[in-house]
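Okay, here's what each chain looks like letter by letter:
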Amino acid sequence: MSFSSSASASDLAADQSLRAPLPVLGRDVTVPLVTGGEVTYAALDYAASAPALQRVWDDVAAYAPYYGSVHRGAGYLSQLSTDLFENARDTVAEFLDCRGDDQVVFTRSTTDSLNLLAAALPAGCQVFVFETEHHASLLPWRDADVTYLNAPRTPAEAVATVERVLAGRDPHGPALVCVTGASNVTGELWPVRELAAAAHAHGARIVLDAAQLAPHHPVSVQELDVDWIAFSGHKLYAPFGSGVLAGRADWLTEAEPYLAGGGASRKVSRRTDGGVDVEWQVSEARHEAGSPNVIGAYSIASACKALTEAGFENLVAREQYLIDTVRAGLAEVPQVRVLSLFGDDAPRVGVLSFVVDGWNSSHFAAALSAEYGIGVRDGLFCAHPLVRTLLGSDPEAQGECGAPEAAPGEKSLNAIRVSFGAGTPDEHIERFLGAVKELVRDGAQWNYRTEEGRCVPDTSA
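None of the values given here were measured: they were computed from a predicted structure. (Residues numbered from 1 in each chain as written. Predicted model: local features only at pLDDT ≥ 70, side-chain atom pairs only at ≥ 80, totals over all residues. Heavy atoms only, no water.)

Colleague: Whenever I open this one, unusual backbone geometry confuses me. Can you help?
Modeller: Most of the time, phi is negative for any residue but glycine, and the peptide bond is trans. The phi dihedral of His71 is positive, around 65°, even though this residue is not glycine. The phi torsion at Phe381 lies on the positive side, around 60°, for a residue other than glycine. You can call Phe381 buried: its relative accessible area is 1%. (Buried < 20%, exposed > 50% of the residue type's maximum accessible area, 1.4 Å probe, protein only.)

What follows is the structure in structure tokens.
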């Protein structure tokens, strides 16, 4: 599967029809500025949570009056909700191009999905994960036999590393490689298909963290040849707390249920000794105990349909235009350094992190919000080892708002992240680039301080 776009940025710039963002909630929300007045909010933190598509919100609102229990009722609304829930599973499987015998399990998030898989590992399974992962895919394996791999500096080095560690593992039992599809820090795309081939060549399996990939690119389980894939609805333009783990059924079916309770059990009976015998489900329901989040599942399915109908080719091309615009604009500011693992030419999604020479990153992000109405992220982005590797900073250092500003030539303690996607209008990108240039040139109009862990304008003077 190729992650490159067939349409160039120049082609897209000439075709205004392709440059219209998808309608999202909050596009007309205004926020106050510390300098006075209000401005339309520029949401440029899609990597944390993307705004819900208007289409998704409308679908959920239309269903809401018909809400009923799932798998638990004989009434019309219960039957309707059950059908909707199971059809959502089919829609997600089609969106991901799953194999015919794959399972699609609805979870709370990517984090929940990968913790579920971690709980289903067979005995003696070895896990290999790069330090570059988001904490959602870095930490769930702590109770397993896990090997953390150093950050590779090229895609080829990533593949070679997996080849080496899998070939040298002892004992040669079950193994799992966990890899991200697109970095939540740099936006860079990882060589997923090549890593899957390396894993399978050495008798291992692979799980793909697609939290940042699925909202930006079409993802095919079959073409990438991954064994499992995990993603979150709230990054895929869907509201509410729902996620997906999709992939091979055998490990999931052989494992104890992730949660014990109603829905996961097929038959429960008392024994003569006073205990309880349980026969567990063998379908996806085995790991979906409790009343299902039918609205969360339906919202994910709606988002999958909306992105597919909008045409990923157009979405990818438009996003590449925005990426090129942001990178070109930041390159005009010598004080800005964009963080990269694989180099400037690496393909990426709409996620870029950077530091500004002489600025505390939290102060800079706070000024973008308070003085320009622009929402970005600052910190270590739940990927502490990766960001510290890119910054070359001390693992013990705390990159918080109250830390002293980095002088020219000094290492920053944290970074600033700008992220965008299908709902981002050109104006928000233009305002962001203009604000960066003004802040670097003129400085912030206000002083900033720490208040309950947040960096805010100091209005006490």
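There is more to say after this.
Colleague: Explanation requested: the pairing of strand β18 (residues 448-451) in the structure shown.
Modeller: The side chains of a regular strand alternate, first on one face of the sheet and then on the other. Strand direction decides the pairing type here: β18 and strand β19 (residues 454-457), joined by 4 bridges, are antiparallel. Looking across to β19, one finds that Glu451 is bridged to Arg454. (Pairing = 2+ DSSP bridges. Helix = DSSP H or I, 4+ residues; strand = E, 2+ residues; numbered from the N terminus.)

Colleague: When you look at a nonpolar patch on the surface in this model, what are you seeing that I'm missing?
Modeller: Where nonpolar side chains cluster on the molecular surface, the patch consists of Tyr66, Tyr76 and Leu77 and spans about 340 Å² of accessible area. Mapping Tyr76 onto the fold places it in helix α3 (residues 76-95). (Patch = residues over 30% accessible without salt bridge, like charges linked within 9 Å, V, L, I, M, F, W, Y side chains within 5 Å. Areas by Shrake-Rupley, 256 points an atom, 1.4 Å probe, with all protein chains shown as cover. Salt bridge = Lys/Arg side-chain N within 4 Å of Asp/Glu carboxyl O.)

Colleague: What exactly am I supposed to notice about the nonpolar core here?
Modeller: Generally speaking, soluble globular proteins have nonpolar side chains that are buried together. In terms of nonpolar packing, the biggest core is built from 86 residues, with Val92, Leu96, Leu166, Leu208, Phe231, Leu236 and Val244 touching the most fellow members. What Leu208 contacts, discounting residues up to four positions off in sequence, is Val179, Thr180, Gly181, Val192, Leu213, Val219, Leu224, Val226, Trp228, Ile229 and Ala230. Membership of the second largest hydrophobic core comes to 34 residues, among which are Ile323, Leu368, Leu439 and Tyr448. (Core = buried A, V, L, I, M, F, W, Y, C linked by side-chain atoms within 4.5 Å. Contact = heavy atoms within 4.5 Å.)

Colleague: Before we go on, may I ask you to explain the layout of surface pockets in this structure?
Modeller: If a probe the size of a water molecule is rolled over the atoms, the empty space left behind becomes visible. Within this model, the second largest pocket holds a volume of roughly 300 Å³. For the second largest pocket, the lining is made up of 17 residues, of which Phe106, Thr107, Arg108, Asp112 and Ala289 are closest to its centre. Contributing elements (two or more residues each) for the lining of the second largest pocket: β4 (103-107) and α4 (110-119). (1 Å grid on protein atoms, 1.4 Å probe; cavity = no way out; pocket = protein on both sides within 12 Å on 5 of 7 lines; lining within 4 Å. Points joined across faces, edges and corners; volume = space filled by probe spheres on them.)

Colleague: Whenever I open this one, the confidence of the model for the protein chain confuses me. Can you help?
Modeller: When pLDDT is low, close inspection of the predicted coordinates is not appropriate. Looking at the protein chain as a whole, the pLDDT averages 92, with 92% of positions reaching at least 70. Segment residues 1-10 is flagged for pLDDT under 50; beyond a separation of four residues in sequence, or across chains, it makes 18 contacts in the model. (pLDDT = per-residue confidence, 0-100.)

Colleague: Help me out: how do you make sense of the sheet that holds strand β9 (residues 228-232) in this one?
Modeller: By way of backbone hydrogen bonds, the strands of a sheet pair with one another, either parallel or antiparallel. Strand order in this open sheet of 7 strands is β4-β10-β9-β8-β7-β5-β6, and the pairing throughout is mixed. The sheet is open, and its two edges are formed by β4 and β6 (145-149), each paired on a single side. On average, adjacent strands in this sheet sit at an angle of 20° to one another, irrespective of strand direction. Across 5 bridges, the pairing between strand β7 (residues 175-180) and strand β8 (residues 205-209) is parallel. Across the sheet, Val179 pairs through a bridge with Leu208, a residue of β8. Its contacts with the sheet put α4 on β4, β7, β8, β9 and β10 (243-247), and the angle it makes with β9 is roughly 150°. (Axes fitted to C-alpha atoms, helices over the stretch in contact; angles between N-to-C directions.)

Colleague: Explanation requested: the side chain of Asp227 in the structure shown.
Modeller: Following the sequence through the fold, Asp227 ends up in the loop between α8 (221-224) and β9. A polar contact is formed between the side chain of Asp227 and the side chain of Arg248, at a distance of 2.6 Å. In this view, Asp227 contacts Arg99, His200, Arg205, Ile206, Ala246, Gly247 and Arg248; residues no more than four positions away in its chain are not counted. (Polar contact = N/O pair within 3.5 Å; in protein donor to acceptor, adjacent residues only side chain to side chain.)

Colleague: Is there a simple way to think about the sheet that holds strand β16 (residues 377-379) in this case?
Modeller: Taken in spatial order, the 4 strands of this open sheet run β13-β14-β17-β16, and their pairing is antiparallel. Each of the sheet's edge strands pairs with one partner strand only, and the pair in question is β13 (336-338) and β16. The mean inter-strand angle of the sheet, taken between neighbouring strand axes irrespective of direction, is 30°. Pairing analysis gives 3 bridges linking β13 to strand β14 (residues 351-356), with the strands arranged antiparallel.

Colleague: Whenever I open this one, the packing of helix α11 (residues 312-331) against helix α14 (residues 426-442) confuses me. Can you help?
Modeller: Axes are the key here: two packed helices are described by the angle between their axes and the distance separating the axes. Where α11 meets α14, the closest approach of the two axes is 10 Å, and the angle between their N-to-C directions is 10°. With respect to their mutual orientation, α11 and α14 come out roughly parallel. When α11 is examined against α14, the residues Arg318, Tyr321, Leu322, Thr325, Val326, Gly329 and Leu330 are found in contact with a partner set consisting of Asp426, Ile429, Phe432, Leu433, Val436 and Lys437. Looking at the contact of α11 with α14 residue by residue, the classes come out as 8 nonpolar, 2 polar and 3 charged. (Parallel < 35°, antiparallel > 145°, perpendicular 65-115°, else oblique. Nonpolar A, V, L, I, M, F, W, Y, C, P; charged D, E, K, R; others polar.)

Colleague: Quick question: what am I supposed to make of the pairing of β4 here?
Modeller: When you tally the buried positions in β4, you get 5 out of 5 residues, the bulk of the element. Alternating residues of β4 divide into Gln103, Val105 and Thr107 and Val104 and Phe106, and every residue in both groups is buried. Both β4 and β10 contribute to a ladder of 5 bridges, which runs antiparallel. Bridge assignment links Val105 to a residue of β10, and that residue is Leu245.

Colleague: It is not clear to me how the packing of aromatic side chains should be interpreted in this structure. Could you clarify?
Modeller: On inspection of all chains with the given rule, the structure shows 11 aromatic pairs. Measuring from centroid to centroid gives 6.0 Å for Tyr46 and Tyr237, while their planes differ by 75°, and the two rings are edge-to-face. One end of the pair, Tyr46, is in the loop between β3 (42-43) and α2 (54-63); the other, Tyr237, is in the loop between β9 and β10, and 191 residues separate them in sequence. We note that Tyr46, like Tyr237, is buried. Measuring from ring centre to ring centre gives 6.3 Å for Trp57 and Phe240, while their planes differ by 10°; the resulting arrangement is stacked. Here Phe240 lies in the loop between β9 and β10 and Trp57 lies in helix α2, a separation of 183 residues in the sequence. (Phe/Tyr/Trp six-rings, centres within 6.5 Å; stacked < 30°, edge-to-face > 60°.)

Colleague: Before we go on, may I ask you to explain empty space enclosed by the protein in this structure?
Modeller: Tallied over the full model, the rule gives 2 cavities of 30 Å³ or more. Approximately 80 Å³ is the volume attributed to the largest cavity. For the largest cavity, the full set of lining residues is Pro215, His216, Tyr237, Leu315, Val316, Arg318, Glu319, Gly421 and Ala422. The class makeup of the residues in the lining of the largest cavity is 5 nonpolar, 2 polar and 2 charged. Within this model, the second largest cavity holds a volume of roughly 40 Å³. Looking at the second largest cavity, the residues that line it are Tyr46, Ala47, Ala50, Gln212, Pro215, His216, Lys235 and Tyr237. Within the lining of the second largest cavity, the residues separate by chemical class into 5 nonpolar, 2 polar and 1 charged.

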